[in-house]
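The lines below spell out each chain.
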Amino acid sequence: MADLSIISNARFIYKHDNHKFPLPHAVDTHHIILRRSVVKPIFIYLFAILLVGYAAFLHFEKGKPATTVGWSLFLGAILVKFLIWRPVVKESVVIMPEFGVQLETHYGSGRINRRFIPVSKILKPVLNEHVTPVTCCWCLSLLIRDENELTLVFKKFRPPLKMLVPVWKALCFATDCKESFEFQEDG
Amino acid sequence: MELKEGKHRILMVSDFFYPNFGGVENHIYLLSQCLLKLGHKVVVMTHAYGNRSGVRYMTNGLKVYYVPWKPFLMQNTLPTFYGTLPIIRTILIRERISLVHGHQAFSTLCHEALMHARTMGYKVIFTDHSLYGFSDIGSIHMNKVLQFTLADVSQAICVSHTSKENTVLRSGLPPEKVYVIPNAVDTTMFKPAPERLCMDPIVIVVISRLVYRKGADLLVEVIPEVCHLYPNVRFIIGGDGPKRVRLEEMREKHSLQDRVDMLGAVPHAKVRSVLNSGHIFLNSSLTEAFCIAILEAASCGLLTVSTRVGGVPEVLPDDMIVLAKPDPSDMVHAIKKAIRILPHIDPQEMHLRMKEMYSWHDVAKRTEIVYDHALRCSNQTLLERLPRYLTCGAWAGKLFCLVMIIDFILWRLLQLWQPDSEVEPVPDFKPTELKRG
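Residues numbered from 1 in each chain as written. Chains lettered and ligands numbered in written order. Predicted model: local features only at pLDDT ≥ 70, side-chain atom pairs only at ≥ 80, totals over all residues. Heavy atoms only, no water.

For chain B, an unreviewed UniProt entry supplies the name phosphatidylinositol N-acetylglucosaminyltransferase and the organism Deinandra increscens subsp. villosa. Check the Pathway (unreviewed entry) section of the UniProt entry for chain B; it says "Glycolipid biosynthesis; glycosylphosphatidylinositol-anchor biosynthesis." (UniProt positions renumbered as here; feature names shortened; annotations may be inferred.)

Within the UniProt record for chain A, the comment given under Sequence similarities (unreviewed entry) is "Belongs to the PIGH family." A UniProt comment under Pathway (unreviewed entry) is attached to chain A, and it reads "Glycolipid biosynthesis; glycosylphosphatidylinositol-anchor biosynthesis."

Structure (structure tokens):
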């Protein structure tokens, strides 16, 4: 039986699997899953079908060249790719206390990228505020021994702070780091 | 950590902040520290300096956002009108700011931040730190921009009455909206030497940027004259700049190498020791809204000789300063008078008087009153605010209205794209004692 806790917002769902079998606290998994909306893809597909249908009508009834149909198919494919297709569907962190941490990225095509970091190489997990010219968001990273740059735990997603905090606490506990800051959240 | 009743969450915005060093930077930092002590929450926003980009925390939890916009001219961010709207909106929502305080008319980031903050309905305050002219092309454009920003500001602060007059004339702001809060000096850092220096030789100290505005050309005329009249007078000149070459030439020409010491750029931490090695402080600025340098000198117990320009006469009482016209012969006359009255000056007594007259805590309390007044101003919609921009000029007024309308539309579009509820507020951090183990 797995302990499951879920937090969700408009874009992401956070799931925490704390497997009690075969050993309690042997493996701790945190997933961030991209939410799929139901309504939006229907509209986009409908629009793409209408576009191709209209191009076909123009070709067969009005005598426009076949390239019109070709262009409409191309445009439809572009719309679907940019508005519906999600390259990354899920990012996970598998924490094995005393052993290491595995970072996984699940792609829409079925490919899974995994990276294992032994616990001896992790100096500290940190929650950082990442400032860009247009926005500011939180990101969770690991300070790795002998590496100059921070390693992001969630490479593609930017989940909200309330989803990052349980993962950060679990990483601190697993890598034996004492939290040096306590913070009180506003109600 | 909820703030107590009457305490505010303030965003200080300027292009000028640490690691850059200067009067405005110092003012923002010390004012923020004193406001933090009074229980307010202060966040500073500035542009990135080289590698220093992102969020940094300074003493007492002062949070600084170094936003990665590249500076393009004299430390100023590239003015894009609407480019900074997303990041400013994000910072205002996530820090739950109630009040935006911009510094320095020359800072483009400050003007943009104040414009966007007004569009989003926040109360804004502007502090002007310098005097500007009216006649040259640069000043005319700057004054137009200032008119635009100040057309709709809640309150404004100036550092001296002369500066208030200058700001009111340049921007057309009603004088009732402008408060005068002078700068202060950290008297714990600037203390006189424990033992009084002996009167022979008499040392005159000059510490300033060696540029035209600071009157370096006057020094070139004054120093040889004074050295000729008084064989027991020495000069120490700290600071660097384009006019340094002229001063070196003056030294060579009059063979004053053993009587005039040129120290080069003096780091702020060393200024006190340089001041403590002198009896008289000489300030030859051609224009000055307020002059913190003479406050520092007076706090160290030096008698000041200065040009009577801008806000300088308002800074010190008459027995601590000798004023002169910005003219070499008048300045030499003033130095003569200063040397005459020097034996009657007691550095320790001067320092104690300065301690009572100027303190950053006092500046913070007075600024708090301005914040309270600003927050009591009524909330106004875009249509109620637009007529204020129309008074800026026949063409300029309409252009400013258009700029504000486009800003409003862009803000609404941004709210549709990313609603306010999606921007997470930052939890307030209260650092606990570090566990020693």
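> Honestly, the packing of aromatic side chains in this entry has me stumped. Any pointers?
Aromatic ring pairs are described here by two measures, namely the spacing of the ring centres and the angle between the planes. All names here are of chain B. With the rule as written, the count across this model stands at 13 aromatic pairs over all chains. On the numbers, 6.4 Å between centres and 75 degrees between planes, the contact of F290 with Y358 is edge-to-face. On the criterion of sequence distance, the pair formed by F290 in the loop between strand 14 (280-283) and helix 9 (292-299) and Y358 in the loop between helix 11 (347-357) and helix 12 (360-376) is long-range, its members being 68 residues apart. You can call F290 buried: its relative accessible area is 7%. For Y358, a relative accessible area of 9% gives the class buried. (Phe/Tyr/Trp six-rings, centres within 6.5 Å; stacked < 30°, edge-to-face > 60°. Helix = DSSP H or I, 4+ residues; strand = E, 2+ residues; numbered from the N terminus. Buried < 20%, exposed > 50% of the residue type's maximum accessible area, 1.4 Å probe, protein only.)

> Would you explain the pairing of strand 4 (residues 88-96) of chain A in this entry?
Regular strands place their side chains on alternate faces of the sheet. Residue and element names in this part refer to chain A. In terms of residue burial, strand 4 counts as a mostly covered element, since seven of its nine residues are buried. Two strands pair when backbone bridges link them, and strand 3 (residues 28-34) and strand 4 are joined in this way by six bridges, in the antiparallel orientation. Paired with I32 across the bridge in strand 4 is E91. Of the pairings in the sheet, the one linking strand 4 to strand 5 (residues 100-107) comprises eight bridges and is antiparallel in character. Its bridge partner being in strand 5, V88 is matched across the sheet by Y107. As consecutive antiparallel partners, strand 4 and strand 5 are separated by three residues, and within that stretch E98 has a phi angle of approximately 75 degrees, a positive value. (Pairing = 2+ DSSP bridges.)

> Any chance you could explain the pattern of salt bridges here in plain terms?
As a working rule, side chains carrying opposite charge can pair if their charged atoms are close by. A complete count under the given rule lists 24 salt bridges over all chains for this structure. Notably, a salt bridge pairs K63 of chain B with E129 of chain A, separated by 3.0 Å at the nearest N-O pair. Residue K63 of chain B is located in strand 4 (residues 62-67), and its partner E129 of chain A is located in strand 7 (residues 122-131); the two belong to separate chains. The pair formed by K63 of chain B and E129 of chain A is uniform in burial state, with each residue classed as buried. A salt bridge links E95 of chain B to K41 of chain B; its shortest N-O distance comes to 2.9 Å. Taken together, the residues span a long stretch of sequence, with E95 of chain B in the loop between helix 2 (85-94) and strand 7 (99-103) and K41 of chain B in strand 2 (residues 41-47) at a distance of 54 residues. Since its relative accessible area comes to 1%, E95 of chain B is described here as buried. Within this structure, E129 of chain A together with R9, K41, K63, R94, E95, R96 and D428 of chain B form a network of salt bridges that share partners. (Salt bridge = Lys/Arg side-chain N within 4 Å of Asp/Glu carboxyl O.)

> Would you mind going over the UniProt feature "transmembrane region" (unreviewed entry) in chain A with me for this structure?
As annotated in UniProt, the feature "transmembrane region" (unreviewed entry) corresponds to residues 42-60 and 66-84 of chain A in the numbering used here. As a span, residues 66-84 of chain A carries 89% helix and 0% strand, and end to end its C-alpha atoms are 27 Å apart.

> What is the right way to read the nonpolar core from this model?
Grouped burial of nonpolar side chains is what soluble globular proteins tend to show. Residues and elements named next belong to chain B. With 94 residues, the main nonpolar core has I223 and L275 as its most contacted residues. Ranked by the residues each element gives to this core, the list is headed by helix 1 (residues 23-37), at eight residues. Contact partners of L275, with chain neighbours within four places excluded, come to F190, V205, I207, F281, E296, A297, C300 and L302. Judged by nonpolar contacts, the second largest core, of 41 residues, contains I97, V100, F126 and L146. (Core = buried A, V, L, I, M, F, W, Y, C linked by side-chain atoms within 4.5 Å. Contact = heavy atoms within 4.5 Å.)

> Just to check I follow, could you spell out a nonpolar patch on the surface for this structure?
Residues L399, L402, I405, I406, I409, L410, L413 and L416 of chain B make up a contiguous nonpolar surface patch of about 720 Å² in total accessible area. Checked against the element boundaries, I406 of chain B lands in helix 14 (residues 394-417). (Patch = residues over 30% accessible without salt bridge, like charges linked within 9 Å, V, L, I, M, F, W, Y side chains within 5 Å. Areas by Shrake-Rupley, 256 points an atom, 1.4 Å probe, with all protein chains shown as cover.)

> What am I meant to see in the side chain of D28 of chain A here?
Residues and elements named next belong to chain A. Within the secondary structure layout, D28 lies in strand 3. A distance of 2.5 Å separates polar atoms of two side chains, one belonging to D28 and the other to H16. Residues within four places of D28 in sequence aside, it is in contact with H16, D17, N18, V93, V94, I95 and A170. (Polar contact = N/O pair within 3.5 Å; in protein donor to acceptor, adjacent residues only side chain to side chain.)

> Can you walk me through helix 13 (residues 382-390) of chain B in this structure?
An α-helix turns once every 3.6 residues. As a result, residues three or four positions apart point the same way. Taken together, the buried positions of helix 13 of chain B are L382, R385, L386 and Y389 of chain B. The arc enclosing the buried residues of helix 13 of chain B, seen along the axis, measures out at 115 degrees, which places them on a common side. (Arc of directions from axis to C-beta.)

> Would you explain the UniProt feature "domain: Glycosyl transferase family" (unreviewed entry) in chain B in this entry?
Per the UniProt entry, the sites bearing "domain: Glycosyl transferase family" (unreviewed entry) are residues 199-340 of chain B in this numbering. With 35% helix and 21% strand, the stretch residues 199-340 of chain B has end C-alpha atoms that lie 12 Å from each other.

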